[in-house]
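Here is what each chain is made of, one letter per residue.
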Amino acid sequence: DILPQLPITASTLVQQSGAYFPLNYLTDMFKFIDANSDKLSVFTYEDMHISGGQDNASGYQAEFKAWHQRIAADPTASKKAHLLIQYDIDARTDRMHSLIASPEHDKVPANIMLFNERVDRKRLKTTGELCTTEYPLDEALLRRRQSEGFVIGYHTNAYELGGHDTDRALEIFDRDMTAMSEKYGTRFFSAHGGVPDAKGKNNNALPYHPDWIDRSIWVHNGVNLRFDGVFSDGGHNSPKRDPKNRDLRQFFETLQPGKRYRMLLHPQYYGDDYGVSRRFLGTPWYDDMIRTAQQQPERSLWENVKLNIK
C-alpha cells in the first residue's frame, strides 16, 4: 500500500552522504530471497564453469549454453531463477562493511570487487593529478565472509593508476593481481569505470596481461559473462537513465525460471545515513520507498513484491 502523501522530510535533502537508499532496501531483499529459496538460487563466480583466456567472447558463449543445459537437466534447478550479486567497491568501504556484516546477508553470498589501491577520482578528473586515497578494509570480516562462500575479486583501475600509459598499466595490473591472489586467492576481475584518457580509453580497454591470461577471469566491463538479464545501480545521476526503471524490486518481478541474472550494485549508495536523491525525487516508487523508510521503518520494503515464478 502506498502511504499518504506526507512530505519527505527536508533534513534528508541536505545530507551529502552519497547514499541515496536506506540500507534495508538491500537487507530486506536478502530476507525476501531467503523466504523464496524454492524459487530463487544465489550463486557466485566460483560456482560457474569458467576458464580464462584471451578468446572469452566465444568461450563465454559456450559457457552460457553449457550452463543452460546443466540447469535444464536438473528438475530442481530448472524451476528456479538464478541470481549473481556483484558489489563494486568504488568508495565508502565502511558502507560495504556494514552491508556484508549484516546477519541478513548470511545466506546470500556475493562477489566483492575491491581495488588494490584507490585513485582520487575527483582530483584526477578536475586537475589531472594522479593521487591515491585511503581505502580501509576490514580484513577479518572479508576473510570470514570468504570462508562462508563470498568471493573476493579485483576491481581493476590499473589504467588510471598507470597514468593512462598502457605499459605502466600492465605492470600495475600484474602487481595488483599478484597481491590480490596472494591475499584472497583472487581469480576474477572487473574493470572500474574511472577517469578516461583524452581519447576516451579507460580501464576496460586495457589488454589482457600476458602473464594472467590463463590465471584470471575477466567477468565484467570489457569482457562480459553472459546473462539472461542484468540490473545495475551504476550511473545514478546520469541523465541517460530514467529513474522510473531503476527499482530493483521491479527487476525481480521479471525473473524467469531456468535463467540466470546479474545484479551489479555499489554499496556506497546504501546506508542508515542515507539522504534523498534529487534526481530520483518525484519518481513514485522512490518517493513511496523513502516515505515508508522514514515513517514505518519496521515495515519491509519488499513486502509487496510478487515473483512471476510458479
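Details of the structure are given in the entry above.
My aim in this report is to walk through the structure given alongside it, one point at a time. (Residues numbered from 1 in each chain as written. Predicted model: local features only at pLDDT ≥ 70, side-chain atom pairs only at ≥ 80, totals over all residues. Heavy atoms only, no water.)

**Some remarks on the overall build of the protein chain**
Right, so step 1: Scanning the protein chain from N- to C-terminus turns up nine helices and 10 strands.
Right, so step 2: Computed over its C-alpha atoms, the radius of gyration of the protein chain comes to 20 Å, within 12% of the 19 Å expected for a compact globule of 310 residues.
Right, so step 3: With the C-alpha coordinates of the protein chain rotated into their principal frame, the extents come out at 60 × 55 × 40 Å.
Right, so step 4: Counting only residues that meet the buried cut, the protein chain has 52% of its 310 residues in that class.
Right, so step 5: Excluding contacts between residues fewer than 6 apart, the proportion of contacts in the protein chain whose partners are at least 24 apart in sequence is 80%.
Right, so step 6: On the protein chain, the mean spot of the 39 positive side-chain charges and the mean spot of the 42 negative ones are 5 Å from each other. (Helix = DSSP H or I, 4+ residues; strand = E, 2+ residues; numbered from the N terminus. Rg over C-alpha atoms; globule rule 2.2 N^0.38 Å. Buried < 20%, exposed > 50% of the residue type's maximum accessible area, 1.4 Å probe, protein only. Contact = heavy atoms within 4.5 Å. Lys, Arg positive; Asp, Glu negative; His and termini not counted. Charge placed at Lys NZ, Arg CZ, Asp CG, Glu CD.)

**So, empty space enclosed by the protein**
Right, so step 1: This structure, assessed with the given rule, holds two cavities of 30 Å³ or more.
Right, so step 2: Taken together, Phe21, Tyr25, Phe231, Asp233, His236, Arg246, Leu248, Tyr270 and Phe280 form the lining of the largest cavity.
Right, so step 3: Of the residues assigned to the lining of the largest cavity, the class counts are six nonpolar, one polar and two charged.
Right, so step 4: Along its surface, the second largest cavity is lined by Thr156, Phe173, Phe189, Asn203, Leu206, Pro207, Tyr208, His209 and Trp218.
Right, so step 5: Its residues assigned to classes, the lining of the second largest cavity comprises six nonpolar, three polar and no charged. (1 Å grid on protein atoms, 1.4 Å probe; cavity = no way out; pocket = protein on both sides within 12 Å on 5 of 7 lines; lining within 4 Å. Points joined across faces, edges and corners; volume = space filled by probe spheres on them. Nonpolar A, V, L, I, M, F, W, Y, C, P; charged D, E, K, R; others polar.)

**Description of the pairing of strand E2 (residues 81-88)**
Right, so step 1: Among the eight residues in E2, eight count as buried, and that is most of the element.
Right, so step 2: Side chains Ala81, Leu83, Ile85 and Tyr87 project from E2 onto one buried face, and the interleaved His82, Leu84, Gln86 and Asp88 project onto a second face that is buried too.
Right, so step 3: Of the strand pairs in this sheet, strand E1 (residues 40-43) and E2 are connected by four bridges, and their pairing is parallel. When the sheet's bridge partners are listed, Leu40 is paired in E2 with Ala81.
Right, so step 4: For E2 and strand E10 (residues 260-265), the ladder comprises six bridges, and the chain directions are parallel. Counterpart to Leu83 in the pairing with E10 is Tyr261.
Right, so step 5: Two elements, E2 and strand E3 (residues 111-114), share three bridges in a ladder whose sense is parallel. In the sheet register, Gln86 faces E3, and the bridge partner there is Asn111. (Pairing = 2+ DSSP bridges.)

**What to know about helix H9 (residues 284-295)**
Right, so step 1: With 12 residues, H9 extends 16 Å between its outermost C-alpha atoms, agreeing within 8% with the 16 Å of an ideal straight helix rising 1.5 Å per residue.
Right, so step 2: Of the residues making up H9, those classed as buried are Trp285, Tyr286, Asp287, Asp288, Met289, Ile290, Arg291, Thr292 and Ala293.
Right, so step 3: Considering only its buried residues, H9 is in contact with helix H1 (24-35) and helix H8 (248-252). (Expected span 1.5 Å × (residues − 1).)

**Here we look at the environment of Asp138**
Right, so step 1: Relative to the helices and strands, Asp138 resides in the loop between strand E5 (132-133) and helix H5 (139-147).
Right, so step 2: The spacing of Asp138 and Asp94 is 44 residues in sequence and 8.7 Å in space, taken between C-alpha atoms.

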